[in-house]
Structure formats: structure tokens, C-alpha cells
Amino acid sequence: MKYANPLLARQTLRANQRRSPWRWARWMTATALLQAAAWPLLVNADGADETPQHLQLAHQLSPTTLADEKVQTRLLDALDAMLSEYPDVLRARAALEAAGHDTHTARGARWPSFKVGTSGGSAQLRNGRQSYNTINAEARMSLIDGGAIGAGIRSAESQEAAQTSVLFGTQQNVLLEALTAMQELSRLEAKSAVAAESARIIGQLARIEERRAELGAVGRNDLRQAASRQAGALAQQYAIDSQRMDALARFTRYFGFSPEQGTLPELQVPRQWMPANENAALQSSEANSPELQEMAQQIAKAQAEVERSKAQRFPTLAAVVAHTRDPKGVFYADGTRYGLEVNWNFGNGFELRDRILKAINELQGQEAQQESVRRQVRETAAAAWGRSQAGQRREKQL
């Protein structure tokens, strides 16, 4: 039906809309379908295109299309450099090297020790006061020490092994935080894109409501509600953009570069890495936890310290070779002394006892700390397993 007067046509359409809204909606739907069906005929009539147009599905995006090989290579290089050059890793490696030096020093206690010294002064002798100058050289090697040197070596080796576990745990934490930062940035980029599209659509609806208000179809209250929805959508978009900038700064802190939006790959965890059930997850977490391995080495160190404290109660035997040079012959005649020395340090009676009790208390504290760490590891593993299962169920529902 055609109307010569456009104003009359508009009034007629509005009247039909008021009388029957559902009929008006069906009429608009049918009109849209007819126009879509007639479009190929109109194109063929113009001679611009003789082939009918068909809808086609776009190719499914994959991680390869989202991140090219250059970005993936850069990420892998950054991760490799991070595990060896990140400040936390460097600090843990320095502590490990220091513990290695302590172990070398403890093992060197079994070797002979050398000492060179000199002394000078005056002495009152029978024939008067005379000055003297002597040079002393001594070589000493411990033969029997009650097990103190062996306990010291075991203590140093346990400390070095504990620092090795600390280094491994630090690398794990840095890698986890870096991958979490990458996933968080990818998630916020997707949320930012969705929020921007939502704000754009709500903005279009707000403009439609404004036009309808100008035509008198809706009131000012509906227009205010549309404007409020638009402002809320924009505020949410800006809030997500702010979070995305924070995530980008954190990503740059770990990887050292800022990726372009939409180029980060998706992480795919192999299925064989996932434990079969919760009990398997708990057992695996306890077996592979660097914290528990560190605590086990700390307990071994504390036990070695207890043994060394107890060994200091026994006498020691050392072989000594000494030579003293006294040019004036005031005190010594030139010659070399060979002998064995037995030393038994009793102290004041309380020092050794308190040292042993202190070492035993430190051992008990390390054992209690180990149990606390074990409970914390089990709690963290159980929580992670629950989140993983909930995420899988949510993914299936979506």
C-alpha cells in the first residue's frame, strides 16, 4: 500500500502500532524476511551479480591465528630468560652458591691447617733483660674429633640442598605468576572488547530512544533510563580498561615487552598432566612440593647440629708439626717439634649443655614447621582442585 502523503503514511503506521503491537511486530518481521528474499532478485535485475548470495560461516580462530610465530618465540625466550635472570631467582641462586661455599669450607676442616706467626719483646733473664724476636710456623691436622667435623659437613650439605629446593620453588613461583599475568591480560582484553561492544550497542539503543522520544512514542522517563544505562555501560568499560592497563603493566614486569591486543596465545594444559582425582592431586602436591623438600632438608640440618653439639663434649686428638726460629736463643733453640695434642674443652659446665638443648629445640621447631607447611600444601592443592572442577563444570554449562 502506498500513500501519496508521507505524513499520512506515518500516522497510519503509528495507529496500527497502537491498535495491535503484536500484529505490528509480525508485520515488521515479515517485511524484513521479504526484503531479504527479494535482495538476490534485485541484484540480478541490475546485472551486477548473477550468482546468488549465501551465508557462510567464518573460519574458527585458533591460537595460531591469534598469535603468530614471532610472538610465541618472543614469549618463550622471555620465559627462558625469566627463569635465570629474574631478581628473585638471582637472589635464590646467590644464596645457593653461598651455601655451596659453606659446604666446601666444612669439608676442608679434615685437611691440615697451617699457621705462621711472629712475636717480639723483652724478657727478664738471670743475666739481665734481653730483647727477642721469634718466628713460628705450625701445621696441625685433626685425627679424632668425636664426629664434630662429619656432623658439620652433613649440616652444610643439608643447607645447600635446602637452598636448591628454595631456588626451584622460586622459579616455580615466578613462572606461575608470569603465566597468571599473561592469562589475566588475555582475559581482561576479551572483557574490554565485550564491554566496548556492549557500550556501543547500548549507545545505539539510547539514540533510538532519543529519536522515539522526539517522535512522541516514549516519554522522558524512558529516555532518562536509556541515558543511565549508557552511562553505566561506559563506566564499566572504563573500569575494565583500567584493570587491563594494570594487567599490562604486570605482564611487562615479567616478560619485558608490551604485546599488541589480541596477539597472546591461549594456554592449553595437556590432559595427562591433570591428576585422576583429588587424592592423586594431594599426593602429587606433597611429593613435588619444594616447600616440603626444603623443610625436610632443614630438619636434616637441625639433626646434624644436634650431633655436632653432642660431639663437642669429647676430647680431640691432633697431630702437630711446629718450628720456631729464635735468632738470639732467648727462649727457644732452633729445631722442629713433632707431636700429638689432646684437648678436652670442659668450658664452665653449662655452655655445652645449653648448646645441645638449643639444637634440640631448633630441631623440634623445624619438625613443627614441616607439619604446618604440609597442611598448607594440602589445603592449597584441595582448593586448586575444587576450582579446577568448578571451572570445568562451568565451561560445560556455557
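Given the structure is predicted, the values throughout are model-derived calculations rather than measurements.

## Thoughts on the overall build of the chain
Right, so step 1: Of regular secondary structure, the chain possesses ten helices and four strands.
Right, so step 2: Taken over 398 residues, the chain has a buried fraction of 25%.
Right, so step 3: Accessible surface computed for the chain: about 28200 Å², of which carbon and sulfur atoms make up 55%.

## Description of the layout of surface pockets
Right, so step 1: Roughly 2900 Å³ of internal volume is contained in the largest pocket.
Right, so step 2: Forming the boundary of the largest pocket are 43 residues, of which Leu176, Val269, Met274, Ala384 and Ser388 lie nearest the centre.
Right, so step 3: Secondary structure elements with two or more residues in the lining of the largest pocket: α6 (148–215), α8 (278–287), α9 (290–311) and α10 (351–397).
Right, so step 4: Among the elements that make up the lining of the largest pocket, the one with the highest residue count is α10 (15 residues).
Right, so step 5: Of the residues contributing to the lining of the largest pocket, the split by class is 17 nonpolar, 17 polar and nine charged.

## A closer look at a nonpolar patch on the surface
Right, so step 1: Residues Met141, Leu143, Ile144 and Leu340 make up a contiguous nonpolar surface patch of about 380 Å² in total accessible area.
Right, so step 2: For the nonpolar patch, the element with the most residues is strand β2 (residues 128–144), which contributes three residues.
Right, so step 3: Inspection of the secondary structure assignment puts Ile144 in strand β2.

## Let's talk about the confidence of the model for the chain
Right, so step 1: Mean pLDDT over the chain: 79, with 80% of residues reaching 70 or higher.
Right, so step 2: Element-level mean pLDDT values for the chain span from 41 in helix α2 (residues 21–46) up to 94 in helix α5 (residues 87–107).
Right, so step 3: Within the model, the stretch residues 1–67 combines pLDDT values under 50 with 23 contacts to residues more than four positions away or in other chains.

## A look at the packing of α6 against helix α7 (residues 220–255)
Geometry of a packed helix pair, given as the angle between the helix axes and the separation of the axes.
Right, so step 1: Interaxial distance between α6 and α7 falls to 7 Å at its minimum, and their mutual angle equals 160°. When the interaxial angle is binned, α6 and α7 end up roughly antiparallel. Relative to α7, α6 is oriented so that their crossing is left-handed.

## Brief notes about the pattern of salt bridges
Right, so step 1: All told, the structure shown has 14 salt bridges when counted by the stated rule.
Right, so step 2: With a closest N to O distance of 4.0 Å, Glu138 and Lys115 form a salt bridge. Remark: Lys115 occurs in strand β1 (residues 113–125) and Glu138 occurs in strand β2; sequence separation between them is 23 residues.
Right, so step 3: Salt-bridge contacts for Arg374 lead to Glu371; the nearest nitrogen and oxygen are separated by 3.1 Å.

## What about α9?
Right, so step 1: Along its 22 residues, α9 runs 32 Å from first to last C-alpha, staying within 8% of the 32 Å computed at 1.5 Å per residue.
Right, so step 2: On its buried face, α9 sits against α6, α8 and α10.

## Considering the environment of Phe168
Right, so step 1: Tracing the chain through its elements places Phe168 in helix α6.
Right, so step 2: Classification of Phe168 as partly exposed rests on a relative accessible area of 42%.
Right, so step 3: Distance in space between the C-alpha atoms of Phe168 and Pro290 is 6.7 Å, their sequence separation being 122 residues.

## Re α8
Right, so step 1: Within α8, burial applies to Ala281, Leu282 and Ser285. Along the axis of α8, the buried residues cluster in a sector spanning 100°; they form a single face. Opposite its buried face, α8 presents the exposed residues Asn279, Gln283 and Ala287, each directed more than 90 degrees away.
Right, so step 2: Buried residues along α8 sit against α10.
Right, so step 3: A distance of 3.3 Å separates the backbone nitrogen of Asn279 from a side-chain oxygen at the start of α8, and that oxygen is part of Asn277.

## Some details on the nonpolar core
Right, so step 1: The biggest cluster of nonpolar side chains holds 23 residues, and the ones touching the most others in it are Leu75, Met82, Phe251, Tyr254 and Phe255.
Right, so step 2: Those elements that place two or more of their residues in this core are α4 (69–85), α5, α6 and α7.
Right, so step 3: Here this core gets seven residues from one element, more than from any other, and that element is α6.
Right, so step 4: When neighbours within four sequence positions are excluded, Met82 is seen to be in contact with Val89, Val174, Ala178, Tyr254 and Phe255.
Right, so step 5: Residues Ile299, Ala302, Val306 and Leu363 belong to the second largest nonpolar core, which totals five residues.

## Describing the side chain of Ser285
Right, so step 1: Secondary-structure assignment places Ser285 in helix α8.
Right, so step 2: Residue contacts for Ser285: discarding those within four places in its chain leaves Val377 and Ala381.

## Quick look at the packing of α4 against α7
Right, so step 1: Taken N-terminus to C-terminus, the directions of α4 and α7 make an angle of 65°; their axes are 9 Å apart at the nearest point. If you check the angle between α4 and α7, you find them roughly perpendicular. Together, Leu75, Ala78, Leu79 and Met82 of α4 and Phe251, Tyr254 and Phe255 of α7 make up the contact between the two elements.
Right, so step 2: Of the residues contributing to the contact of α4 with α7, the split by class is seven nonpolar, no polar and no charged.

## Some thoughts on the environment of Arg353
Right, so step 1: Tracing the sequence through the fold places Arg353 in helix α10.
Right, so step 2: Taking the relative accessible area as the measure of exposure, Arg353 reaches 45% and is therefore partly exposed.
Right, so step 3: Distance from Arg353 to Arg313, taken between C-alpha atoms, is 9.0 Å for residues 40 residues apart in sequence.
Right, so step 4: A polar contact of 3.4 Å, which involves the side chain of Arg353, links it to the side chain of Asp354.

Criteria and cut-off values
- Residues numbered from 1 in each chain as written.
- Predicted model: local features only at pLDDT ≥ 70, side-chain atom pairs only at ≥ 80, totals over all residues.
- Heavy atoms only, no water.
- Helix = DSSP H or I, 4+ residues; strand = E, 2+ residues; numbered from the N terminus.
- Buried < 20%, exposed > 50% of the residue type's maximum accessible area, 1.4 Å probe, protein only.
- Areas by Shrake-Rupley, 256 points an atom, 1.4 Å probe, with all protein chains shown as cover.
- 1 Å grid on protein atoms, 1.4 Å probe; cavity = no way out; pocket = protein on both sides within 12 Å on 5 of 7 lines; lining within 4 Å.
- Points joined across faces, edges and corners; volume = space filled by probe spheres on them.
- Nonpolar A, V, L, I, M, F, W, Y, C, P; charged D, E, K, R; others polar.
- Patch = residues over 30% accessible without salt bridge, like charges linked within 9 Å, V, L, I, M, F, W, Y side chains within 5 Å.
- Salt bridge = Lys/Arg side-chain N within 4 Å of Asp/Glu carboxyl O.
- pLDDT = per-residue confidence, 0-100.
- Contact = heavy atoms within 4.5 Å.
- Axes fitted to C-alpha atoms, helices over the stretch in contact; angles between N-to-C directions.
- Parallel < 35°, antiparallel > 145°, perpendicular 65-115°, else oblique.
- Left-handed = near helix turned anticlockwise from the far one by under 90°.
- Expected span 1.5 Å × (residues − 1).
- Arc of directions from axis to C-beta.
- Polar contact = N/O pair within 3.5 Å; in protein donor to acceptor, adjacent residues only side chain to side chain.
- Core = buried A, V, L, I, M, F, W, Y, C linked by side-chain atoms within 4.5 Å.

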